[in-house]
Amino acid sequence: MPPPTHDQTYNTEDVSIAVFTAAANYLRARLPSELNSPKVAIICGSGLGQLADTIENKVEFAYEDIPGFVSSTVPGHLGKLAFGLIGDKRIPTVFMVGRFHFYEGHTLKQITFPVRVFKMLGVEILIVTGATGALSREFKVGMIGVTTDHISLPGLAGNNPLFGPNVSAFGPRFPPMSNAYDYDLRVIAFKAADYLRFPTGTLKEAIYTFVGGPSFETRAEARYLSLIGGDLVGMSTVPEVIVARHCGIKVLGLTLVSNMVAIGKGKCADPAEQDLNGIEEPLVNHEEVLQTGKERALDMQKLVKTIIDLIPST
Ligand SMILES: O=P(O)(O)O[C@H]1O[C@H](CO)[C@@H](O)[C@H]1O
Ligand SMILES: Nc1nc2[nH]cnc2c(=O)[nH]1
C-alpha cells in the first residue's frame, strides 16, 4: 500500500491507531534507513529551534505535509520535524522544531499527536524543552530548570490529553504520573553540565506549572502558583509529557528560565497601604522570552548533545 499523502480529511480527534500509523508510515517511507527509527525525540521550546542545528544528515518535513499534524502559529516556533544524527554516537534523533500549544486553539490531542507518532517510530526517550517564567526567587533568568514534577492547572480542571476513549495500544487507562520525569536522565543532565563546566547552579531541579495561556499571569495568580508549589511556569510541555509517559517513553524536561514572573503586590492606591508599596516589576513579553532563548541557545545545544552522548543505552 503506498504511504498516505496529506489529506485534510484526517480527523485528529479520531483516536484510532490508524491515524498515528498513517503519519508514521508517511515519515518512514521518506527517510533513509539510518534515520527511520529514531531513539530520541526532542521538542524545541520558544526560541530554542536552534537545538536542531547540530544534527547531521538532516531530513526535514513541514508540519503541514505530515498526515494528522496541525500547524505551528507562534513566533519562535518554525513548524517542522528534523531527523538527523546527533552527538559522538550519531544517535538517530527527531526534533520538533516548534511545538503546538493549547492556546493556539488546538486540542490537547492535536498538540500531543506527534508524541505517539514518535512512539510508533521507535522513540524511547523524549527531551522536552521550553521557556518558562520563574515564580521562585531561587531561579534567575538564563538558568536551566531540570523538571522533577509538574502541576497541571488545566489537567486538574478537566483538560487532560488522555480524556476520552483510551487507546490501549499505547498505554493504560489510568497511567501513574508520580514518576513522570526520569531520575537517571536527570542525573545525566547534571553530569553533562559538569562535563561542560557550566557554572555551578546553572541547572536546578524545578517543578513546572502548566497554565493554559496565552495571557501571562497576574501577580495574584503568580503568588497562587508559587504557594501551591510551582517553581517555574509555562504554557506547554505537560500535555506532551503525559502522553509520552502513557506510552512508556522516558522523559527529561529541560526548561530555560526566560523571565522573572512579577509576584509582588504592586502599587497600592489606598493611602493606608502606602507602606506596602513594593518595587515595580517589569511586564513580561514574548520578545524577552525569545531573546533569552537566543542568548542561551548555544549552551542548551551543548547540554542536549552531551546528555545524549552520556545516555548509556543510546
Ligand atoms: O513552552 P514554550 O513553547 O517554550 O513557550 C513558552 O513561551 C511562550 C510565552 O512567551 C509560551 O508558549 C510558553 O509556554
Ligand atoms: N505562563 C508563562 N509562560 C511563560 N513562558 C515563558 N515565560 C513565561 C511566563 O512568565 N509565564
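Residue positions are given per chain, counted from 1 along the sequence in the order it is written. Chain labels run from A onward and ligand labels from 1 onward, assigned in the order the entries are written. Local features in this predicted model are restricted to residues whose pLDDT is 70 or higher, and side-chain atom pairs enter the listing and the counts only when it is 80 or higher, whereas totals over whole chains, interfaces and linings include all residues. With hydrogens and water set aside, each side-chain value is computed from the structure's full complement of heavy atoms.

Structural notes on the site of ligand 2
Point 1. We call a residue near a molecule or strand whenever a single non-hydrogen atom of that residue lies within 4 Å of it. Around ligand 2 there are 13 residues in total, and A131, G133, V211, E217 and N259 lie nearest to it.
Point 2. Think of a polar contact as two N or O atoms within 3.5 Å of one another; within protein, one of them needs to be a possible hydrogen donor and the other a possible acceptor, and neighboring residues in sequence only count if both atoms come from side chains. A distance of 3.3 Å separates a nitrogen atom of ligand 2 from a polar backbone atom of G133.
Point 3. The contact in question runs from a nitrogen atom of ligand 2 to an N or O atom on the side chain of E217, over 2.5 Å.
Point 4. Only the protein chains shown count as cover for residues, and the accessible areas themselves come from Shrake-Rupley with a 1.4 Å probe. Protein contacts shield 96% of the accessible area of ligand 2, which totals 280 Å² for the unbound molecule.
Point 5. The way it works is that DSSP assigns letters per residue, a run of H or I at least four long becomes a helix, a run of E at least two long becomes a strand, and they are numbered from the N terminus. At the level of elements, β5 (125-134), β8 (232-234) and β9 (250-260) are the ones that each hand at least two residues to the shell around ligand 2.
Point 6. At three residues, the largest contribution of residues to the shell around ligand 2 is made by β5.
Point 7. Residue composition of the shell around ligand 2, by class: seven nonpolar, five polar and one charged. For this scheme, ten residues count as nonpolar: Ala, Val, Leu, Ile, Met, Phe, Trp, Tyr, Cys and Pro. Four count as charged, namely Asp, Glu, Lys and Arg, and the remainder, Gly too, count as polar.

Quick look at the confidence of the model for the protein
Point 1. When the pLDDT values of the protein are averaged, the result is 91; 93% of them are 70 or greater.
Point 2. Scored as a complex, the prediction yields pTM 0.93 and ipTM 0.99. For every residue, the predictor states its confidence as a pLDDT score lying anywhere from 0 to 100.

Here we look at the nonpolar core
Point 1. By nonpolar core we mean a set of buried residues, namely Ala, Val, Leu, Ile, Met, Phe, Trp, Tyr and Cys, connected to one another through side-chain atoms within 4.5 Å. Three exposure classes are used, based on accessible area relative to the maximum for each residue type with a 1.4 Å probe and protein chains only: buried under 20%, partly exposed in between, and exposed over 50%. Judged by nonpolar contacts, the single largest core of 46 residues is most densely connected at L27, I66, L81, F83 and V117.
Point 2. For this core, the elements supplying multiple residues, two or more each, are α1 (17-29), β1 (40-44), β3 (80-86), β4 (91-97), α2 (108-121), β5, β7 (203-210) and α6 (238-246).
Point 3. Of the residues forming this core, the biggest block, seven residues, is contributed by α2.
Point 4. Within the second largest apolar cluster, 32 residues are counted, among which are I42, A52, F95 and L185.

Side note on the packing of α1 against α2
Point 1. Across the interface, α1 lies against α2 with an axial gap of 9 Å and an inter-helix angle of 65°. Seen from above, α1 lies across α2 with right-handed handedness. Residues I17, V19, F20, T21, A23, A24, L27 and R28 of α1 touch α2, and the partners they reach there are F113, R116, V117, M120 and L121.
Point 2. When grouped by side-chain class, the residues that make up the contact of α1 with α2 number ten nonpolar, one polar and two charged. Fitted lines through C-alpha atoms serve as axes, helices being fitted only where they are in contact, and the angles separating the N-to-C directions of these axes extend from 0 to 180 degrees. With the far helix as reference, a near helix turned anticlockwise by less than a right angle produces a left-handed crossing, and one turned clockwise produces a right-handed crossing. Between two residues, a contact is recorded if the distance between any of their heavy atoms is within 4.5 Å.

Structural notes on the UniProt feature "binding site: a purine D-ribonucleoside" (unreviewed entry) in the protein
Point 1. Cross-referencing UniProt, the feature "binding site: a purine D-ribonucleoside" (unreviewed entry) maps to E217 and N259 in the present numbering. In terms of the greatest pairwise C-alpha distance, the residues named above, spread along 43 residues, form a tight cluster of at most 12.3 Å across.
Point 2. For E217, the position within the fold is in the loop between β7 and α5 (219-227).
Point 3. When sequence neighbours within four positions are dropped, the list of residues in contact with E217 reads V211, A222, L225, V233 and V261.
Point 4. Mapped onto the fold, N259 is located in strand β9. UniProt positions are given in the numbering used here, feature names are shortened, and annotations may be inferred rather than shown by experiment.

Quick word on the UniProt feature "binding site: phosphate" (unreviewed entry) in the protein
Point 1. According to UniProt, the positions carrying the feature "binding site: phosphate" (unreviewed entry) are S46, H77, R99, F100, H101, A131 and S236.
Point 2. Note on placement: R99 falls in the loop between β4 and α2.
Point 3. Among the polar contacts listed, one links the side chain of R99 to the backbone oxygen of T129, at a separation of 2.9 Å.
Point 4. Secondary-structure assignment places F100 in the loop between β4 and α2.
Point 5. Owing to a relative accessible area of 1%, F100 belongs among the buried residues under this scheme.
Point 6. Not counting residues up to four positions away in its chain, the partners in contact with F100 are Y63, F69, V70, S71, S72, H106, Q110, I111, P114 and E240.

With respect to the packing of α2 against α6
Point 1. The contact between α2 and α6 brings their axes to 9 Å, and the two run at 45°. Comparing their axes, α6 and α2 come out oblique. The interaxial crossing formed by α2 with α6 has right-handed handedness. Note on element contacts: α6 touches α2 through P239, E240, V243, A244 and H246, opposite L108, I111, T112, V115 and R116.
Point 2. Looking at the contact of α2 with α6, its residues break down into six nonpolar, two polar and two charged. Put simply, angles under 35 degrees are roughly parallel, angles over 145 are roughly antiparallel, angles from 65 to 115 are roughly perpendicular, and the rest are oblique.

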